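Overview (structure and organization)
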Amino acid sequence: MTAPVVPTTRPMPGEMVLSVRDLRVWYPGPKGPSQAVDGVSFNLRRGEVLGLVGESGCGKSTLGRGLLGLLPPGAGTDGQAVFEGTDLLTLPARQRQALRGSGLGMIFQEPMTRLDPLMRISDHFVEAIKAHEPKVSTQDAVIRATATLRSLGIPPSRFRNYPHEFSGGMRQRIMIALALVLQPRFIVADEPTTALDVLVEAQILRILAGIRRSYAPAMLLITHNLGIVAETCDRVAVMYAGRIVEQGPAAEIFSRPRHPYTRELLRSTISLTTQALHSIPGAPPDLVDPPSGCRFHPRCPDAMTICAQQDPAVLTDGEDRSVECWLSDDLETLTPALRAPLEQEQVSVADEA
Ligand code: SF4
């Protein structure tokens, strides 16, 4: 397989591509709105890969889709998501649609649900290219598409095949090629290796690394697999119940996690040195009516009385390192009663959820 995609722009490390501030996304429901993303902030620079991790249902995919304007009808948004100077959240749908392709791209987790089974792969590509660049001739679109596919290991001889004629790994590479053929400057990759075997997963990770070397887009990599994050990402944002509870450089998060949820997630990862399986008791909360104070307090082994009563502040250490936990605050300023361990029976209630 060759290095993916011929570059057209050179990376300019450090250049800000996306700045997200206090982003909120909610879904209406009979019991009230479900706050799937609740006040999330982060930056993403050119050439940077930010891994977004957390358990299922913590809001990772909603965050990615909210940024690209791909939420289901009825979903509400608030806050700011400034992409190259333009707030995506206030942009009219038509203008946001125009940004997709060379500006914004998405790699979905299930290619079969995204590829039309009645359309040849060639038609998917020509349609995608012409939708964003109507002046491109069909011949040029075919040349670009086959070059991109070839760079991802799909030979031109397969260009006119239908999606069902490919293996799962090849379909995922086709999805990646479709997202990359217009060289978007910001890509959301949502669980791009889920449901693939480990060999194909390794192949996809090599492809993502190649994309990064070739034209250096900013990438938000959504995954529950911490091994993938360790291999692929510059920075990590850990999400729990709609909030980013910790973020920072990947090496620091892995070696010195500050938030108990990050620490417990890392402990739950299986490696060659694993001697006993570890899991986090309980389950993520109902986002219609989340727990008071720190949302992790019903499951947290370090929970104190104050954790159930008051929201912890977001404490920053430099622009890229932050944690939202009372333990990182100055505990000396709290009364002994507030610092006291949370009653065990309150924690066990969450276990039964
Ligand atoms: Fe645990 Fe309290 Fe920190 Fe929340 S604020 S993670 S409950 S110690």
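Residues numbered from 1 in each chain as written. Predicted model: local features only at pLDDT ≥ 70, side-chain atom pairs only at ≥ 80, totals over all residues.

**A word on the sheet that holds strand S7 (residues 186-190)**
- The strand order across the open sheet formed by 8 strands is S6-S7-S8-S3-S9-S10-S12-S11, and the pairing between neighbours is mixed. The open sheet has two edge strands with one neighbour each: strand S6 (104-107) and strand S11 (314-316). Mean inter-strand twist for the sheet, computed between neighbouring axes without regard to direction, equals 20 degrees.
- Most of the contacts of helix H1 (residues 60-68) go to S7, to which it runs at about 150 degrees, and overall it touches strand S3 (49-53), S6, S7, strand S8 (218-222) and strand S9 (235-240). (Pairing = 2+ DSSP bridges. Helix = DSSP H or I, 4+ residues; strand = E, 2+ residues; numbered from the N terminus. Axes fitted to C-alpha atoms, helices over the stretch in contact; angles between N-to-C directions. Contact = placed C-beta atoms within 7 Å.)

**Structural notes on the environment of Ala-308**
- Relative to the elements of secondary structure, Ala-308 occurs in the loop between helix H10 (260-267) and S11.
- Note on Ala-308: 18 C-beta atoms within 10 Å, which makes it partly exposed.
- Here the alpha-carbon distance between Ala-308 and Asp-234, two residues 74 residues apart in the chain, equals 33 Å. (Buried ≥ 20, exposed ≤ 12 C-beta atoms within 10 Å, placed from the backbone.)

**What to know about the domain arrangement of the protein chain**
- Along its sequence, the protein chain is carved into domain 1 (16-240) and domain 2 (257-351).
- Taken over C-alpha atoms, the centre of domain 1 sits 31 Å from the centre of domain 2.
- Facing the 15 residues of domain 1 at the interface are 12 residues of domain 2.
- Put simply, the parts of the chain that give the side of domain 1 that touches domain 2 at least two residues each are strand S2 (34-45), helix H8 (226-232) and S9.
- Of the residues contributing to the side of domain 1 that touches domain 2, the split by class is 6 nonpolar, 6 polar and 3 charged. (Domains from an automatic or database assignment. Nonpolar A, V, L, I, M, F, W, Y, C, P; charged D, E, K, R; others polar.)

**Things to note about the packing of helix H6 (residues 168-180) against helix H7 (residues 198-215)**
- Interhelical geometry of H6 versus H7 gives an angle of 15 degrees and a closest axis separation of 10 Å. Considering their axes alone, H6 and H7 lie roughly parallel with respect to each other. Along this stretch, H6 crosses H7, giving a crossing that reads as right-handed. For the pair H6 and H7, the contacting residues are Gly-169, Gln-172, Arg-173, Ile-176 and Leu-180 in the first and Val-200, Gln-203, Ile-204, Ile-207 and Ile-211 in the second.
- Classifying every residue of the contact of H6 with H7 by side-chain character gives 6 nonpolar, 3 polar and 1 charged. (Parallel < 35°, antiparallel > 145°, perpendicular 65-115°, else oblique. Left-handed = near helix turned anticlockwise from the far one by under 90°.)

**Section: the pairing of strand S4 (residues 76-83)**
- Pairing analysis gives 7 bridges linking strand S1 (residues 16-27) to S4, with the strands arranged antiparallel. Its bridge partner being in S4, Ser-19 is matched across the sheet by Val-82.
- Looking at chain direction, S4 and strand S5 (residues 86-87) are connected through 2 bridges and run antiparallel. Bridging across to S5, Val-82 finds its partner in Asp-87.

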